[in-house]
Amino acid sequence: MKRKAIFPGTFDPFTIGHYSLVKRSLELVDEIVIAIGVNDTKKTYFPLDKRINMIRSLYKDDSRIVVGTYDSLTVDYAKETGSNFIIRGIRSVNDFEYEKTIADMNRNISGIETIVLFTEPELTHISSTIVRELLRFGHDVSQFIPKGMNLD
């Protein structure tokens, strides 16, 4: 049976922390759907189509990575894509409490398991929120995004 997972998030923008989680997850599963959640209440920096294109271009040579979008419960999108797992990254104790609650609910209503990976220590300070703020004020963020990702 193919082990398929979704990696959900807003990815505004996709950071080296996200990139690291995808790379490490590919050691556990055969295919990953990078699932960009659409949340109309969130003010994003990059439009949805730009985020899709940035991530697709980053993984254009890796057939194990698919990029999709969804506007539903994450667990419903996981089922829709035929995914057996949801991948989540944790940077802090606060992240753990939140993710555990969601993972327990998702397993209860669907049977889909969540794979939790701890962020590598040298990347725990990086978040899309902080990178967006740096971008808004004109700072160079190249050290926080994967090499080869074009933000223009």
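Here the structure is a predicted model, which is why all the values come from computation and not from measurement.

Some details on the overall build of the chain
A count of helical and extended segments in the chain gives 5 helices and 5 strands. Mapped in sequence order, the helices and strands of the chain form the string β-α-β-α-β-α-β-α-β-α. Taken over the C-alpha trace, the chain has a radius of gyration of 15 Å; the compact-globule value for 152 residues is 15 Å, and the two agree within 12%. A principal-axis box enclosing the C-alpha atoms of the chain has dimensions of 45 × 35 × 30 Å. The buried share among the 152 residues of the chain stands at 46%. Pairs at least 24 apart in sequence give 79% of the contacts found in the chain among residues at least 6 apart. Computing the positive centroid from 20 side-chain charges and the negative centroid from 21, the chain places the two 1 Å apart.

What about the pairing of strand 1 (residues 4–9)?
Burial within strand 1 is extensive, with 5 of its 6 residues counted as buried. Crossover handedness for the path strand 1 to helix 1 (residues 16–25) to strand 2 (residues 31–37): right-handed. In this structure, strand 1 lies alongside strand 4 (residues 85–90), joined through 2 bridges in parallel fashion. By the bridge assignment for strand 4, Ala5 is matched with Phe85.

Focus: helix 1
In an α-helix, one turn spans 3.6 residues; hence positions three or four apart end up facing the same way. Residues of helix 1 that are buried include every one of Gly17, His18, Ser20, Leu21, Val22 and Ser25, and no others. Measuring from the backbone nitrogen of Gly17 back to the side-chain oxygen at the start of helix 1 gives 3.2 Å, which picks out Thr15 as the cap.

Things to note about the nonpolar core
Among the nonpolar cores identified, the biggest contains 31 residues, and Phe14, Val22, Ile32, Ile34 and Ile55 are the most heavily contacted of them. Only strand 1, helix 1, strand 2, helix 2 (48–58), strand 3 (65–70), strand 5 (113–118) and helix 5 (128–136) provide two or more residues apiece to this core. Considering every element that reaches this core, the biggest residue donor is helix 2, with 4 residues. The residues touching Ile55, leaving out its near neighbours within four places in the chain, are Phe11, Phe14, Ile34, Ile36, Val67 and Met149. Ala35, Tyr70, Val75 and Tyr77 belong to the second-largest nonpolar core, a separate cluster that totals 9 residues.

Section: unusual backbone geometry
Along the chain, Asp12 connects to Pro13 via a cis peptide bond; the corresponding omega equals 0 degrees. Secondary-structure assignment places Pro13 in the loop between strand 1 and helix 1. Even without a glycine there, the phi angle at Phe11 is positive, about 55 degrees. Here Phe11 lies in the loop between strand 1 and helix 1. Accessibility expressed as a relative area gives 3% for Phe11, which makes it buried.

Quick notes on the rules
- Within any chain, residue numbers begin from 1 and follow the written order of that chain's sequence.
- Given that the model is predicted, a residue must reach a pLDDT of at least 70 before its local features are reported, and side-chain atom pairs must reach 80 or more before they are shown or counted; all residues, however, enter totals for whole chains, interfaces and linings.
- Side-chain metrics rest on all non-hydrogen atoms present in the structure, leaving aside hydrogens and water.
- Runs of E in the DSSP output that reach at least two residues are strands. Runs of H or I that reach at least four are helices, and both are numbered from the N terminus.
- With the radius of gyration taken over C-alpha atoms, the globule rule is written as 2.2 Å times the number of residues to the power 0.38.
- Any residue under 20% of the maximum accessible area for its type is buried, any over 50% is exposed, and the rest in between are partly exposed; the area is computed with a 1.4 Å probe on protein chains only.
- Contacts: residue pairs with any heavy atoms within 4.5 Å of one another.
- The charge count treats Lys and Arg as positive and Asp and Glu as negative. His and the chain ends do not count.
- To locate a charge, take atom NZ for lysine, CZ for arginine, CG for aspartate or CD for glutamate.
- With strands facing away from the observer, any crossover in which the path from the first strand over the helix to the second runs clockwise is taken as right-handed.
- Only when DSSP finds a minimum of two bridges between them are two strands counted as paired.
- Pairs of N or O atoms within 3.5 Å make up the polar contacts considered here, provided that, within protein, one atom can donate a hydrogen while the other can accept it, and that residues adjacent in sequence are counted only when both atoms are side-chain atoms.
- Note on terminology: a nonpolar core comprises buried Ala, Val, Leu, Ile, Met, Phe, Trp, Tyr and Cys residues joined through side-chain atoms within 4.5 Å.

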